[in-house]
Amino acid sequence: MDLPIPFKSKNNIPVVFACDAHFLPYCAVAVASLLAQAQKHHFYDIFILYAGTLPAHTAGKFQQLGQAYSHAQIRFIDVAELTGRWIGQMLLRENTSYSAYYRLVLPQIMQHYDKIIYLDADVLLRQDIAQLYHTALPAGYVLGAVPDALAYAASAAQREFFAQHTRQLGLNSPFEYFNSGVLLWDLKEFRRQNLSRRLQQCREKFSGSPHMDQDILNAAFYGNTALLPQRFNLFPQPLALAELTLPRPWLAYLKDRAQAQESPVIIHYASIEKPWLYPDMPYADLWWQCARQTPFLPEILQAQETYAHTMRRHFRRRGLYWLMQWGYRLKNKLCKDGGTASQKAFALQERIRTADFWNKRHQK
């Protein structure tokens with residue numbers, strides 16, 4: 001494959017997204033929010049990793065999106081050649097796609113770049129991304145990322161589970177675990193330390209890990225990751241704590257999150273709660289403002305209706321899914337099929353959880 005080269009020699013800010021066909025309209029909203037905050041003295045070299053042939057009308061809509069910005073360029077990169085050999089063996093959770101693993105081949109694709117930003121497609125930019133790009137990493141560090149512990153703060157049992165999970169990845173503290181949806185990646189340092197083999201080993205070792213690519217990156221770059229303020233990757237979901245008191249490290253983490261809410265740079269809808277599915281979410285009105293500026297608004301509205309229909313069907317069938325998941329668990333225990341049945345059971349469990357969550361929110 002032809003490797004991309006920087007579009008400009010000076011003030012070039014490369015930003016990489018990754019998504020599949022289903023997520024392209026939401027990626028367009030993320031790109032629109034980035035462009036809306038872009039400053040003209042920088043050039044925004046935007047890439048979208050995609051596997052296979054991109055429909056011409058879809059590519060045309062993205063070009064239409066960027067036409068008003070002379071200081072930006074949008075390019076697509078086909079990663080099928082690099083990921084086709086191994087990606088089908090990786091764990092896939094409900095409501096996710098294999099595109100989550102595309103970021104693992106970024107060092108191979110972006111060989112002509114010394115530093116890049118990676119963003120998930122479910123983000124909303126509220127300030128110029130140049131702030132993140134110009135953040136200096138300490139000497140010897142390969143990644144800059146934001147700690148990710150919010151989902152496990154609600155109870156002692158969840159905090160203990162999370163601490164155990166991060167220990168299995170080789171981390172000393174759950175607060176060293178980062179979210180992979182926003183990454184500042186020093187590729188020059190990555191190449192200097194020759195870390196490709198370590199990344200590949202962790203990809204193979206943690207191919208069935210529950211948090212997918214995020215667990216792989218945390219294991220691979222532990223000790224090489226600088227933790228950034230949460231304003232660069234703010235999770236907007238309201239937090240319902242089951243306890244009135246928390247251990248001091250958790251209080252510090254939540255205090256940093258509260259400060260980030262005052263002036264976020266990047267809002268990241270990292271959970272199953274997406275603004276295009278749950279319009280009452282925090283900052284959802286801002287997300288929809290950007291969505292209306294894209295050529296993909298009809299597709300977004302149609303997908304919202306389709307998702308509601310699918311969730312109704314899953315909710316009606318959750319009893320059947322519950323029986324099926326236990327059948328797969330029994331098969332995995334008796335047959336030792338390499339984890340295939342276990343992964344199917346996990347996917348069904350996720351489907352039940354998602355449907356129950358949707359029904360609860362829908363009734364509310």
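Nothing here was measured: the structure is a model prediction, and the numbers come from that model.

A. Inspection of the overall build of the chain at higher detail. Each helix and strand counted, the chain has 14 helices and nine strands in total. Taken over C-alpha atoms, the radius of gyration comes to 20 Å for the chain, in line with the 21 Å a tight globule of 364 residues would show. Seen through its principal axes, the chain has C-alpha atoms that stretch 60 × 45 × 45 Å. Counting every position in the chain, which comprises 364 residues, the buried fraction comes to 52%. In the chain, 40 positive and 29 negative side-chain charges are present, and the distance between their average locations comes to 3 Å.

B. The arrangement of the pattern of salt bridges in detail. Evaluated as defined, the whole model comprises twelve salt bridges. Two residues, Glu 299 and Lys 61, come together in a salt bridge whose shortest N-O distance is 2.4 Å. Of this pair, Glu 299 sits in helix H12 (residues 297-316) while Lys 61 sits in helix H2 (residues 56-66), and the two are 238 residues apart along the sequence. When its relative accessible area of 29% is taken as the criterion, Glu 299 is described as partly exposed. Three or more residues are tied together by salt bridges with common partners; here these are Arg 103, Asp 120 and Asp 213.

C. Here's a closer look at the packing of helix H8 (residues 196-205) against helix H9 (residues 213-220). Put simply, H8 and H9 touch, their axes get as near as 9 Å, and they point 135 degrees apart. Judged by the inter-axis angle, H8 sits oblique to H9. Every pair of crossing elements has a handedness; the one defined by H8 and H9 is right-handed. When H8 is examined against H9, the residues Arg 198, Leu 199, Cys 202 and Arg 203 are found in contact with a partner set consisting of Ile 216, Leu 217, Ala 219 and Ala 220. Among the residues forming the contact of H8 with H9, the class breakdown is six nonpolar, no polar and two charged.

D. Highlighting the layout of surface pockets. Counted as a void, the second largest pocket has a volume near 270 Å³. Residue lining of the second largest pocket: 14 residues in total, with Leu 104, Gln 108, Ser 196, Leu 199 and Gln 200 positioned closest to the centre. Looking at the lining of the second largest pocket residue by residue, the class counts come to seven nonpolar, four polar and three charged.

E. The packing of aromatic side chains, seen in detail. Evaluated as defined, the whole model comprises 16 aromatic pairs. On the numbers, 5.3 Å between centres and 75 degrees between planes, the contact of Phe 23 with Tyr 26 is edge-to-face. The burial state of Phe 23 is the same as that of Tyr 26; both residues are buried. Among the aromatic residues, those joined into a cluster by ring pairs are Phe 23, Tyr 26, Trp 276, Trp 287 and Trp 288.

F. Structural view of the environment of Glu 160. With respect to the secondary-structure elements, Glu 160 resides in helix H6 (residues 156-168). Sequence separation between Glu 160 and Pro 174 is 14 residues; the distance between their C-alpha atoms is 9.5 Å.

G. Summary view of H12. If you check H12, its first and last C-alpha atoms are 29 Å apart, about what 20 residues at 1.5 Å a residue would give, namely 28 Å. Those residues of H12 that are buried lie in contact with helix H1 (24-37), helix H11 (284-291), helix H13 (318-335) and helix H14 (340-363).

H. Local environment of the nonpolar core. Counting 61 residues, the largest nonpolar core has Phe 17, Leu 34, Leu 119, Ile 129 and Trp 287 as its most contacted members. Counting residues per element, this core draws most heavily on H1, which supplies ten residues. The contacts of Trp 287, once residues within four sequence positions are left out, are Tyr 26, Val 29, Leu 124, Tyr 269, Pro 275, Trp 276 and Ile 300. In terms of nonpolar packing, the next biggest core, distinct from the first, is built from 50 residues, Leu 82, Phe 175, Leu 183 and Tyr 253 among them.

I. The arrangement of the sheet that holds strand E4 (residues 115-119) in detail. The strand order E3-E2-E1-E4-E7-E6-E8 describes an open sheet built from seven strands, whose pairing is mixed. The open sheet is flanked by strand E3 (72-78) and strand E8 (225-227), the only strands paired with a single partner. Within this sheet the neighbouring strands show an average axis-to-axis angle of 25 degrees, counted without direction. This element, H2, spans strand E2 (43-50) and E3 of the sheet and lies at about 160 degrees to E3.

J. Quick peek at the environment of Met 212. With respect to the secondary-structure elements, Met 212 resides in the loop between H8 and H9. Residue classification places Met 212 among the buried residues on the basis of a relative accessible area of 5%. Among all residues touching Met 212, those that are not within four sequence positions of it are Leu 91, Leu 92, Arg 93, Thr 96, Ser 97, Ala 100 and Tyr 101.

K. Here's a closer look at the pairing of E4. Counting buried positions over the five residues of E4 gives four, a clear majority of the element. With two bridges joining them, strand E1 (residues 12-18) and E4 adopt parallel strand pairing. Paired with Val 15 across the strands is Ile 117, a residue of E4. Bridge count between E4 and strand E7 (residues 182-186): five bridges; the pairing is antiparallel. Paired with Ile 116 across the strands is Trp 185, a residue of E7.

Quick notes on the rules
Along every chain, residues carry numbers that run from 1 in the direction the sequence is written. Side-chain atom pairs in this predicted model are given and counted only at pLDDT of 80 or more, local residue features only at pLDDT of at least 70, and totals for whole chains, interfaces and linings cover all residues. To obtain the side-chain values, all non-hydrogen atoms of the structure were included, while hydrogens and water were left out. Comment: elements are numbered from the N terminus, with helices defined as DSSP H or I runs of at least four residues and strands as E runs of at least two. The size measure is the radius of gyration over C-alpha atoms, and the globule rule it meets is 2.2 Å times the number of residues to the 0.38 power. Per-residue accessibility, obtained with a 1.4 Å probe over protein chains only, is compared with the maximum for each type, and a residue is labelled buried under 20%, exposed over 50%, and partly exposed between these values. Asp and Glu are treated as the negative residues and Lys and Arg as the positive ones, with His and the ends of the chain left uncounted. To locate a charge, take atom NZ for lysine, CZ for arginine, CG for aspartate or CD for glutamate. Salt bridge criterion: a side-chain nitrogen from Lys or Arg within 4 Å of a carboxyl oxygen from Asp or Glu. Fitted lines through C-alpha atoms serve as axes, helices being fitted only where they are in contact, and the angles separating the N-to-C directions of these axes extend from 0 to 180 degrees. Roughly parallel means an angle under 35 degrees; roughly antiparallel, over 145; roughly perpendicular, 65 to 115; everything else is oblique. For a crossing to be left-handed, the near helix must be turned anticlockwise from the far one by less than a right angle; the clockwise case is right-handed. Contacts between residues were defined by any pair of non-hydrogen atoms, one from each residue, lying within 4.5 Å. Think of it as three bins: nonpolar holds Ala, Val, Leu, Ile, Met, Phe, Trp, Tyr, Cys and Pro, charged holds Asp, Glu, Lys and Arg, and polar takes everything else, Gly as well. Here a cavity denotes a set of grid points, spaced 1 Å apart and computed over the protein atoms alone, in which a 1.4 Å probe fits but from which it cannot get out, and a pocket denotes an open set meeting protein on both sides within 12 Å along at least five of seven lines; residues with an atom within 4 Å of a point are reported as lining. Grid points are joined across faces, edges and corners, and a volume is the space filled by probe spheres set on the points. Between rings of Phe, Tyr and Trp, where Trp is taken as its six-membered ring, a pair exists when centres lie within 6.5 Å; planes separated by under 30 degrees are stacked, by over 60 edge-to-face, and by other angles tilted. In a helix, the anticipated span is given by 1.5 Å times the number of residues less one. We define the nonpolar core as a collection of buried residues of types Ala, Val, Leu, Ile, Met, Phe, Trp, Tyr and Cys that are connected through side-chain atoms lying within 4.5 Å of one another. In short, DSSP must find at least two bridges between two strands for them to pair.

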